[in-house]
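Spelled out from the first residue to the last, the chains are:
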Amino acid sequence: MQLVDTHVHINFDSFAPDLEAVAQHWREAGVVGLVHSCVEPSEFKAIQAISHRFPEVYFAVGLHPLDVEERWSSHSPEEILQLAQSDSKVVAIGETGLDFFKASNRSQQITALEAQLAIAQHLDLPVIVHCRDAAKETAEVLQRFQNQRGAVRGVMHCWGGNPEETSWFLDLGFYISFSGTVTFKNAHQIHASAQMVPVDRLLIETDCPFLAPVPKRGEKRNEPAYVRFVAERVADLRSMSVADLAAQTTENARKLFRLSFIE
């Protein structure tokens, strides 16, 4: 059984002491591909080094919405564009998006998101979208962009929205990726969304080191091997076999991110 973890942050310090062992764990769990997200462009070199160290790790470059206030400048779009073109293992732009949970710089976040959508479209790369307390606004930005500039493809990562919100992004052509939160007992709206996403638009992820899934929820560090538990829960919610769910989500990841190493 093959699995792809479509969203990891294994450049974080918590992985530094034992990254080789973590890689062995994911390989033993059947994880054949990983997409390493990027919080800010300054991480690029470290993420690139990890990707070159582990052939199954591909990566993205972008700026997270919660870092926009301090990190976004008039030079940021060109920096992201140049970095994205500098390595053939870059398979996405992001993570970008909107996060209005505590932030007040809404217009600035929208500007940064629109700029990164333009880069993704220009390079024909998918965009990895972070969305927290901003589903309506994110859908509006994406719809406006597509109306004015044409289609852009991508994924709503670590999705936590309800079925109505999920349908907005499906209608925009986006994939929906579920993380360890789908394993949480009381995550009812996430469960409902996981049941209604078309099977050819499903993705799975860990968002490690965050959000360890049940039965590892008490652990301080999530890791890519645990994507198997996400697969098991989504398969259960959809009354599918884990093998079928794994095969479909792996094919979906291969298609969206153009992961040519996965046969």
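Everything numeric in this text was worked out from a predicted model, so none of it was measured.

Q: I'd like to hear about the pattern of salt bridges, residue by residue, with values.
A: Enumeration over the complete set of coordinates arrives at 14 salt bridges. Between Arg53 and Glu20 there is a salt bridge, with the nearest N and O atoms lying 3.2 Å from each other. With Arg53 in helix H2 (residues 44-53) and Glu20 in helix H1 (residues 19-28), the pair connects residues that are 33 residues apart, well separated along the chain. A relative accessible area of 46% means that Glu20 is categorised as partly exposed. Where Arg233 meets Asp236, a salt bridge forms, and the shortest distance between an N and an O atom there is 2.7 Å. Here Asp236 and Arg233 lie together in helix H9 (residues 227-237), a separation of three residues that amounts to about one turn. You can call Arg233 partly exposed: its relative accessible area is 24%. One continuous salt-bridge network, built from bridges that share partners, spans Asp18, Arg221 and Glu223.

Q: Account for the UniProt feature "binding site: a divalent metal cation 2" (unreviewed entry) in the protein chain, naming residues and giving values.
A: Per the UniProt entry, the sites bearing "binding site: a divalent metal cation 2" (unreviewed entry) are Glu95, His130 and His157 in this numbering. A maximum C-alpha distance of 8.7 Å among these annotated residues, which run over 63 residues, shows that they cluster at one spot. Of the annotated residues named above, the ones that line the largest pocket are Glu95, His130 and His157. Tracing the backbone shows His130 in strand S5 (residues 127-132). Excluding anything up to four places from it in sequence, His130 contacts His64, Pro65, Glu95, Thr96, Gly97, Leu98, Asp99 and His157.

Q: Could you give an account of the nonpolar core, naming the residues involved and the relevant values?
A: The tendency in soluble globular proteins is for nonpolar side chains to be buried side by side. Ranked by internal contacts, the top residues of the largest apolar core, which has 75 residues, are Trp26, Val61, Phe169, Phe174 and Phe178. Looking at which element gives the most residues to this core, the answer is helix H5 (residues 106-123), with seven residues. Other than its neighbours up to four places away in sequence, Phe169 contacts Ala135, Thr138, Ala139, Leu142, Met156, Trp159, Phe174 and Ile176.

Q: Any details on the sheet that holds strand S6 (residues 154-156)? Residues and values, ideally.
A: Strand order in the open sheet formed by eight strands is S1-S2-S3-S4-S5-S6-S7-S8, and the pairing between neighbours is parallel. Bordering the open sheet on either side are strand S1 (3-8) and strand S8 (202-204), each of which pairs with just one other strand. The sheet shows a mean angle of 30° between the axes of neighbouring strands, taken without regard to direction. Looking at chain direction, strand S2 (residues 31-36) and strand S3 (residues 57-61) are connected through three bridges and run parallel. Bridged to Leu34 within S3 is Val57.

Q: Kindly report on the pairing of S2, identifying the contributing residues and their values.
A: Every other side chain in a regular strand lies on the same face of the sheet, so the side chains alternate between the two faces. Burial analysis of S2 places five of its six residues in the buried class, which makes it a mostly covered element. Bridge count for S1 against S2 is four bridges, and the pairing is parallel. Looking across to S2, one finds that Asp5 is bridged to Leu34. Of the crossover connections in this fold, the one passing from S1 over H1 to the parallel S2 is right-handed.

Q: Tell me about the environment of Lys185, and name the residues and values.
A: Looking at the element boundaries, Lys185 is found in the loop between strand S7 (175-178) and helix H8 (188-196). The class for Lys185 is exposed, based on a relative accessible area of 70%. Distance from Lys185 to Val214, taken between C-alpha atoms, is 8.8 Å for residues 29 residues apart in sequence.

Q: Summarise the layout of surface pockets; cite the residues concerned and give the values.
A: Of the voids in this model, the largest pocket is the one considered here, and its volume is about 630 Å³. Lining the largest pocket are 25 residues, with His130, Cys131, Arg132, Cys158 and Leu211 positioned closest to its centre. Within the residue set of the lining of the largest pocket, elements represented by two or more residues are strand S4 (90-99), S5 and H8. Residue contributions to the lining of the largest pocket peak at three residues, all from S5. Its residues assigned to classes, the lining of the largest pocket shows eleven nonpolar, eight polar and six charged.

About the criteria used
Residues numbered from 1 in each chain as written. Predicted model: local features only at pLDDT ≥ 70, side-chain atom pairs only at ≥ 80, totals over all residues. Heavy atoms only, no water. Salt bridge = Lys/Arg side-chain N within 4 Å of Asp/Glu carboxyl O. Helix = DSSP H or I, 4+ residues; strand = E, 2+ residues; numbered from the N terminus. Buried < 20%, exposed > 50% of the residue type's maximum accessible area, 1.4 Å probe, protein only. UniProt positions renumbered as here; feature names shortened; annotations may be inferred. 1 Å grid on protein atoms, 1.4 Å probe; cavity = no way out; pocket = protein on both sides within 12 Å on 5 of 7 lines; lining within 4 Å. Contact = heavy atoms within 4.5 Å. Core = buried A, V, L, I, M, F, W, Y, C linked by side-chain atoms within 4.5 Å. Pairing = 2+ DSSP bridges. Axes fitted to C-alpha atoms, helices over the stretch in contact; angles between N-to-C directions. Right-handed = clockwise from strand over helix to strand, strands pointing away. Points joined across faces, edges and corners; volume = space filled by probe spheres on them. Nonpolar A, V, L, I, M, F, W, Y, C, P; charged D, E, K, R; others polar.

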